[in-house]
Amino acid sequence: MNRAMKKRLKRLLRSSPPAISRVNTLQETVDTIYSQQYRRTLEILDSLAHDNAGTVAKALAHSVHAACAEAQMAATRLYPEVPVQLNCRASCAWCCYEQLQVHILDAVGVAASLSAPLDYQLETRNGNELKKIFRPCPFLGADTRCTVYKHRPLVCRAYHSIDVTECQRVVESQEAARQVPMNIRYYGFPGLVQEATLKVFEELTIDRRPVVLGLAVATLSRDFDRITAHWLAGGDAFEETTVS
Ligand code: SF4
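Residues numbered from 1 in each chain as written. Predicted model: local features only at pLDDT ≥ 70, side-chain atom pairs only at ≥ 80, totals over all residues. Heavy atoms only, no water.

Engineer: Help me understand the overall build of the protein chain, please; the structure alone is not making it clear to me.
Structural biologist: Counting secondary structure elements, the protein chain contains eleven helices and two strands. Sequence-ordered secondary structure for the protein chain, helices as α and strands as β, is α-α-α-α-β-α-α-α-α-α-β-α-α. Here the C-alpha atoms of the protein chain give a radius of gyration of 19 Å, agreeing with the 18 Å that 2.2 N^0.38 yields for 244 residues. Counting only C-alpha atoms, the protein chain reaches 60 × 45 × 30 Å along its principal axes. (Helix = DSSP H or I, 4+ residues; strand = E, 2+ residues; numbered from the N terminus. Rg over C-alpha atoms; globule rule 2.2 N^0.38 Å.)

Engineer: Any chance you could explain the site of the ligand here in plain terms?
Structural biologist: In the vicinity of the ligand, the residues found are Cys96, Leu100, Cys137, Phe139, Leu140, Cys146, Val148, Pro153 and Cys156. Class assignment for the residues of the shell around the ligand results in nine nonpolar, no polar and no charged. (Near = heavy atom within 4 Å. Nonpolar A, V, L, I, M, F, W, Y, C, P; charged D, E, K, R; others polar.)

Engineer: Explain the packing of helix α3 (residues 53–78) against helix α9 (residues 184–204) here, please?
Structural biologist: Each packed pair of helices is defined by two parameters, the angle between the axes and the distance between the axes. Between α3 and α9, whose axes approach to 8 Å, the crossing angle comes to 145°. Taken as a pair, α3 and α9 cross one another with a handedness that is right-handed. From α3, Leu60, Val64, Ala67, Cys68, Ala71, Gln72, Ala75, Thr76 and Leu78 reach across to α9, where they touch Tyr186, Phe189, Pro190, Val193, Thr197 and Phe201. A class-by-class count of the residues in the contact of α3 with α9 yields twelve nonpolar, three polar and no charged. (Axes fitted to C-alpha atoms, helices over the stretch in contact; angles between N-to-C directions. Left-handed = near helix turned anticlockwise from the far one by under 90°. Contact = heavy atoms within 4.5 Å.)

Engineer: Quick question: what am I supposed to make of the packing of aromatic side chains here?
Structural biologist: Aromatic ring pairs: the centre-centre distance and the angle between the two ring planes describe each pair. Within this structure, the stated rule accounts for six aromatic pairs. With a centroid separation of 4.6 Å and an interplanar angle of 50°, the aromatic rings of tyrosine 120 and phenylalanine 134 are classed as tilted. Of the two residues, tyrosine 120 sits in the loop between α5 (104–113) and α6 (127–132) while phenylalanine 134 sits in the loop between α6 and α7 (154–158), which places them 14 residues apart along the sequence. The partly exposed category is assigned to tyrosine 120, whose relative accessible area is 26%. For phenylalanine 134, a relative accessible area of 14% gives the class buried. When the ring of tryptophan 231 is compared with that of phenylalanine 238, the centres are 6.0 Å apart and the planes differ by 90°; the resulting orientation is edge-to-face. Each member of the pair tryptophan 231 and phenylalanine 238 is classed as buried. Feature note: the residues Phe201, Trp231 and Phe238 constitute an aromatic cluster, connected by ring pairs. Sitting over the ring of tyrosine 149, arginine 152 keeps its end group 3.8 Å from the ring centre. (Phe/Tyr/Trp six-rings, centres within 6.5 Å; stacked < 30°, edge-to-face > 60°. Buried < 20%, exposed > 50% of the residue type's maximum accessible area, 1.4 Å probe, protein only. Lys NZ or Arg CZ within 6 Å of the ring centre and 35° of its normal.)

Engineer: Looking at this structure, how should I read a positive patch on the surface?
Structural biologist: Taken together, the side chains of Arg3, Lys7, Arg8, Lys10, Arg11 and Arg14 define a basic patch exposed on the protein surface. Locating arginine 3 in the fold gives a position in helix α1 (residues 3–14). (Patch = residues over 30% accessible without salt bridge, like charges linked within 9 Å, V, L, I, M, F, W, Y side chains within 5 Å. Areas by Shrake-Rupley, 256 points an atom, 1.4 Å probe, with all protein chains shown as cover. Salt bridge = Lys/Arg side-chain N within 4 Å of Asp/Glu carboxyl O. Lys, Arg positive; Asp, Glu negative; His and termini not counted. Charge placed at Lys NZ, Arg CZ, Asp CG, Glu CD.)

Engineer: When you look at the pattern of salt bridges in this model, what are you seeing that I'm missing?
Structural biologist: Opposite charge on two side chains permits them to pair, given that their charged atoms come into close proximity. Here the structure, examined in full by the defined rule, presents eleven salt bridges. Here arginine 208 and glutamate 202 are joined by a salt bridge, their closest N and O atoms 2.9 Å apart. Residue glutamate 202 is classed as partly exposed on the basis of its relative accessible area of 40%. A salt bridge links arginine 226 to aspartate 223; the shortest N-O distance between them is 3.4 Å.

Engineer: I would appreciate a short explanation of helix α11 (residues 224–232) in the present structure.
Structural biologist: Turn by turn, an α-helix covers 3.6 residues, leaving residues three or four places apart pointing in a common direction. Buried within α11 are the following residues: Phe224, Ile227, Thr228, Trp231 and Leu232. The buried residues of α11 occupy an angular sector of 125° when the element is viewed end-on, so they sit on one face. Residues of α11 that are exposed and point over 90 degrees away from its buried face: Asp225 and Arg226. Along its buried surface, α11 packs onto α2 (26–46), α3, α5, α9 and α10 (213–222). Remark: glycine 234 follows α11 within two positions and exhibits a positive phi of approximately 95°. (Arc of directions from axis to C-beta.)

Engineer: How should empty space enclosed by the protein be read in this particular structure?
Structural biologist: Where empty space is left can be seen by rolling a probe of water-molecule size over the atoms. The full count for this structure, using the stated rule, is one cavity of 30 Å³ or more. Quantified by volume, the largest cavity comes out at close to 50 Å³. In terms of lining residues, the largest cavity is bounded by Ala61, Val64, His65, His103, Leu105, Asp106, Gln194, Thr197 and Leu198. When contributions to the lining of the largest cavity are tallied by element, the ones reaching two or more residues are α3, α5 and α9. Looking at the lining of the largest cavity, its residues break down into four nonpolar, four polar and one charged. (1 Å grid on protein atoms, 1.4 Å probe; cavity = no way out; pocket = protein on both sides within 12 Å on 5 of 7 lines; lining within 4 Å. Points joined across faces, edges and corners; volume = space filled by probe spheres on them.)

Printed below as a string of structure tokens:
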């Protein structure tokens, strides 16, 4: 990056993006959420150096989760009637009994928060066996509360069930094609944030595939800095943790 570009970048970093609260229409809100997160992702990646991949990965994870909260506030402003229709409540954990597939950044956020590493060695890549592991989620506490709540993946922040009895039924029945009933309009807002960051990854050829949360956290627990450096350099550090 030449000096003129650096100067411009610094100026952009000092300017404040348009606040979501000043935006009114659905299309404007969607565009703003997406473009702000796209830009934040670029800015954070711009600070990547040979010795700070772990820090950069944590900053990326934090930015997605912070932007998720902003997106949910914007959604609430647009659809004020939705939150009262939602059935998700503290210590309700039906969705935690499913195998959690998340983005790598979600695993980064959880792994960075752990005081003790998650130790797990994958025995087989057999598809059927793979579907059975980490059910329930390894971070579900004995009291059915999330032990990594502050750092929980985006999907755990954004799951907005509109029928908890159906959540229970689909988990207990183990139907092959099961789907938690959700308010898809509201749920889409946090998804926008994630998609903006994943779009940058796609353009830079950084792995954006979904991973099994427990497997990815166990991988990161082995050597957080080395694994994140390999991943952000475009490597396949999470190959063993993908589901497809
Ligand atoms: S991370 Fe927490 S909220 Fe998400 S599935 Fe696991 S226990 Fe549940």
